[in-house]
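Next come the chains, spelled out residue by residue.
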Amino acid sequence: MNNYSPYNELKVFHHIDRIEGLLDGKRVAPIYIRIKPTNVCNQNCFYCVYANDQVYDGRIVDKRESIEWNCLEKTLYELADMDVKAVTFSGGGEPLCYHSIQKALELVQKLGFNYSMISNGQALEGENAELLRNAKWVRISLDSSQANSYERSRKVNTYHKVIKNIEQFAKYKKDDCTLGINCVITKENAMEIYDICKLAKGLGTDNIKLSPLMIKKNEDEYHNGIKCLVSEQIAKAKEELENESFRIVDKYTDDMAMTNSFVKSYKRCVMQEFFTVIAADSKVYRCHQRAYMKSGFLGDLLEKSFREIWFSEETVKLVREYNACQQCRFRCAFDERNILLNDFLNIDENHINFI
């Protein structure tokens, strides 16, 4: 139960060729790209890290911006030629609001990428649903079990439409497409966590991931008042609802166990060798957390090709001289993977045969 493969931190070790290249000191092609094609959104979630300054200072997001199709099309062909394995469309805004999302989904299928999407589900119907049924996974952001709380958190009255879309897509998708729910836990929905898990299972989804609201201030300061209530509901949900066809991925309890300072135990962010972000402003960034920030900027696709940006001496220097211990004092989605990769790369080769 605890080693649920869609969220397993060891997946990177299946890409031995890229890791071996790194061991030889080479700059290897990325394995996985996150594409944020648009900042336009059809909802207005109060906790959105791209819509306000609640999480990071210095992030500048033009909410009207989208990457031009000719730029994205050219880049997707280039990524395929570089043997990039997978792409995820996410926000920024709502990827299904992107003016050329159907063209993009058709092209990634044609080029043979593994592909996925993180969406609010409001437009998960019709041709969009048809193009996503072959995805490796689709994750819907849902943080309410009732229409009134959904409207309060998202400022839209589309709860029943979203619920219907999720339920229909669960029946329509291919068997190897994993449908998940991502639930951000806040003070506003703390009483609903068990009910949200029950709803997710009833809709036919494969999993639900429970994560804490990301905030600038002390994490405990925000969550202390709800931690026990939430943890009790998660434990109850796991005991009563979880089985082989429905998993509850508890990122809330794990995050609550982290130190408040989020100081990293490593300096090198190895994941920057295998992963990057292409955003709606046509720029390439080093990671999720640094997207739309000067400190995350690697290059502009309107000025250089992706290949030129990725393999440039300047980018390699930016990546390899970056000190995560000093510059990443926040919760990082890749923290566990970076710990594993750093441990692996720093093994004393004199003793590797004594397994």
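Everything that follows concerns the structure shown earlier in this document.
Residues numbered from 1 in each chain as written. Predicted model: local features only at pLDDT ≥ 70, side-chain atom pairs only at ≥ 80, totals over all residues. Heavy atoms only, no water.

Colleague: What should I look at first to understand the overall build of the protein in this one?
Modeller: A count of helices and strands for the protein gives 14 helices and 10 strands. What you see for the protein is a C-alpha radius of gyration of 20 Å, in line with the 20 Å of a compact globule of 355 residues. Over its C-alpha atoms, taken along the principal directions, the protein stretches across nearly 55 × 45 × 40 Å. Of the roughly 16800 Å² that the protein leaves accessible, carbon and sulfur atoms contribute 49%. Side chains of the protein carry 49 positive and 51 negative charges; the gap between the two charge centres is 2 Å. (Helix = DSSP H or I, 4+ residues; strand = E, 2+ residues; numbered from the N terminus. Rg over C-alpha atoms; globule rule 2.2 N^0.38 Å. Areas by Shrake-Rupley, 256 points an atom, 1.4 Å probe, with all protein chains shown as cover. Lys, Arg positive; Asp, Glu negative; His and termini not counted. Charge placed at Lys NZ, Arg CZ, Asp CG, Glu CD.)

Colleague: Could you clarify how one ought to interpret the pattern of salt bridges in this entry?
Modeller: Where charged atoms of side chains with opposite charge meet at close range, the side chains can pair. Scanning all chains against the criterion turns up 16 salt bridges. Across the pair Lys251 and Glu9 runs a salt bridge whose closest N-O atoms are separated by 3.7 Å. Linking Lys251 in helix H10 (residues 251-256) with Glu9 in the segment before helix H1 (16-23), this pair joins segments that are 242 residues apart in sequence. On the accessibility criterion, Lys251 (22% relative accessible area) is partly exposed. With a closest N to O distance of 2.8 Å, Arg320 and Glu273 form a salt bridge. With Arg320 in helix H12 (residues 313-320) and Glu273 in the loop between H10 and strand S8 (275-278), this pair connects stretches of sequence that are 47 residues apart. Residue Glu273 is classed as buried on the basis of its relative accessible area of 1%. (Salt bridge = Lys/Arg side-chain N within 4 Å of Asp/Glu carboxyl O. Buried < 20%, exposed > 50% of the residue type's maximum accessible area, 1.4 Å probe, protein only.)

Colleague: What is the right way to look at the environment of Arg139 in this model?
Modeller: Position of Arg139 relative to the elements: it lies in strand S4 (residues 137-141). Overall, Arg139 belongs to the buried group, its relative accessible area being 13%. Sequence separation of Arg139 and Ile118 is 21 residues, and the distance between their C-alpha atoms is 4.8 Å. Leave out the neighbours within four places in its chain, and Arg139 touches Tyr7, Met117, Ile118, Ser119, Gly180, Ile181, Asn182 and Lys209. In this structure the side chain of Arg139 is engaged in a polar contact, spanning 3.3 Å, whose partner is the side chain of Tyr7. (Contact = heavy atoms within 4.5 Å. Polar contact = N/O pair within 3.5 Å; in protein donor to acceptor, adjacent residues only side chain to side chain.)

Colleague: Is there a simple way to explain the side chain of Asn165 in this structure?
Modeller: With respect to the helices and strands, Asn165 occurs in helix H6 (residues 159-172). Only 3.2 Å separates the side chain of Asn165 from the backbone oxygen of Gln122, close enough to count as a polar contact.

Colleague: Sorry if this is basic, but what is going on with the nonpolar core here?
Modeller: If you look at the biggest cluster of nonpolar residues, it comprises 70 residues, and the most contacted ones within it are Phe89, Leu132, Ile193, Ile208, Leu210, Ile278 and Phe306. If near-sequence neighbours (up to four positions away) are discounted, Phe306 is found in contact with Pro30, Ile33, Thr75, Glu78, Leu79, Met82, Thr276, Ile278, Val284 and Leu301. (Core = buried A, V, L, I, M, F, W, Y, C linked by side-chain atoms within 4.5 Å.)

Colleague: Is there a simple way to explain helix H9 (residues 227-241) in this structure?
Modeller: Note on helix geometry: an α-helix contains 3.6 residues per turn, so any two residues three or four positions apart are oriented the same way. Spanning 15 residues, H9 covers 20 Å between terminal C-alpha atoms, matching the ideal 21 Å at 1.5 Å per step. Val230, Gln233, Ile234, Ala237 and Leu241 are the residues of H9 that are buried. Take H9 and look down its axis: the buried residues cluster within an arc of 100°, on one side only. Within H9, the exposed residues directed more than 90 degrees away from the buried face are Cys228, Glu232 and Glu239. (Expected span 1.5 Å × (residues − 1). Arc of directions from axis to C-beta.)

Colleague: When you look at the state of the cysteines in this model, what are you seeing that I'm missing?
Modeller: Put plainly, two cysteines are in a disulfide when a covalent bond ties their sulfur atoms together. Inspection of the entire model under this criterion finds 0 disulfides. The thiol of Cys45 is not disulfide-bonded; the next cysteine sulfur, from Cys41, is found 6.4 Å away. Note on Cys45: relative accessible area 13%, which makes it buried. You can see Cys177 has no disulfide; the closest cysteine sulfur is in Cys97, sitting 20 Å from it. Since its relative accessible area comes to 1%, Cys177 is described here as buried. (Disulfide = S-S within 2.5 Å.)

Honestly, that's just the spatial picture; any functional story needs more than this.
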